[in-house]
Amino acid sequence: MEQTFLMIKPDGVQRGLIGEIVSRFERKGLQLKAAKFMVISRELAENHYAEHKGKDFYERLLSFISSGPVFAMVWSGDNAIALTRALIGKTNAVDAAPGTIRSDFAVHTNFNLIHGSDSPENAKREISLFFAPHELVEYEHSI
Ligand code: CMP
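Residues numbered from 1 in each chain as written. Predicted model: local features only at pLDDT ≥ 70, side-chain atom pairs only at ≥ 80, totals over all residues.

1. Quick notes on the UniProt feature "domain: Nucleoside diphosphate kinase-like" (unreviewed entry) in the chain
Quick note on the threshold: UniProt positions are given in the numbering used here, feature names are shortened, and annotations may be inferred rather than shown by experiment. Helix and strand assignments come from DSSP, with helices taken as H or I runs of at least 4 residues and strands as E runs of at least 2, each series counted from the N terminus.
Listed under "domain: Nucleoside diphosphate kinase-like" (unreviewed entry) in the UniProt record, and renumbered for this structure, are residues 1-138. Helix makes up 41% of residues 1-138 and strand 19%, and the two end C-alpha atoms of the span are 12 Å apart.

2. Here's the deal with the sheet that holds strand β3 (residues 70-77)
Going by this rule: Whether two strands pair comes down to DSSP finding at least two bridges between them. What counts as an axis is a line fitted to C-alpha atoms, over the stretch in contact for a helix, and the angles between N-to-C directions run from 0 to 180 degrees.
Strand order in the open sheet made by the four strands is β2-β3-β1-β4, with antiparallel pairing throughout. Strands at the two margins of the open sheet, each flanked by one partner only, are β2 (31-38) and β4 (114-116). Each neighbouring strand pair of the sheet contributes to a mean axis angle of 15°, computed without reference to strand direction. The pairing of β2 with β3 spans seven bridges and is antiparallel. Note that in β3 the partner of Lys36 across the bridge is Ala72.

3. Some details on the pairing of strand β1 (residues 2-8)
Using the following cut-off: In this scheme every C-beta is placed from the backbone, and a residue whose C-beta has 20 or more other C-beta atoms within 10 Å is buried, one with 12 or fewer is exposed, and one in between is partly exposed.
With five of its seven residues buried, β1 lies for the most part within the structure. One ladder, built from seven bridges, connects β1 with β3; its direction is antiparallel. Its bridge partner being in β3, Glu2 is matched across the sheet by Gly77. Looking at chain direction, β1 and β4 are connected through three bridges and run antiparallel. Within β4, the residue paired with Ile8 across the bridge is Ile114.

Take a look at the structure:
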């Protein structure tokens, strides 16, 4: 089983899309392991997006991601990283395939609704930034 970190960003929360987005992962058959509704500090935002430091959109990204509550989650399942990224769609909504979250609901790269880990290494790192090990819940799940 693979785990991944997903985070509905402030635009997704403001637009009332938490239920719609969570429902897509549930219907797919992935298992929710942890969830947290929270406002991200500047320090956590810097750690989470460290790989983008120095890029022209970095400061805008940090202030946006801390501008309102996010819904941070851990999901589990076979190929969870690739599957969730397929459901989310390409970073730029213009390139996102029809039927993906970003194609269906987003217009702009800066407001693309949700973040998903892009590798097992980043999933591990991002999960540990947002959740303590005991916050991941073990329970029976059938698909
Ligand atoms: P996310 O998957 O959260 O990872 C980094 C975020 O930076 C990305 O989604 C976008 O919301 C944002 N971003 C803004 N401009 C760009 C860009 N030119 N390339 C990649 N990401 C960008």
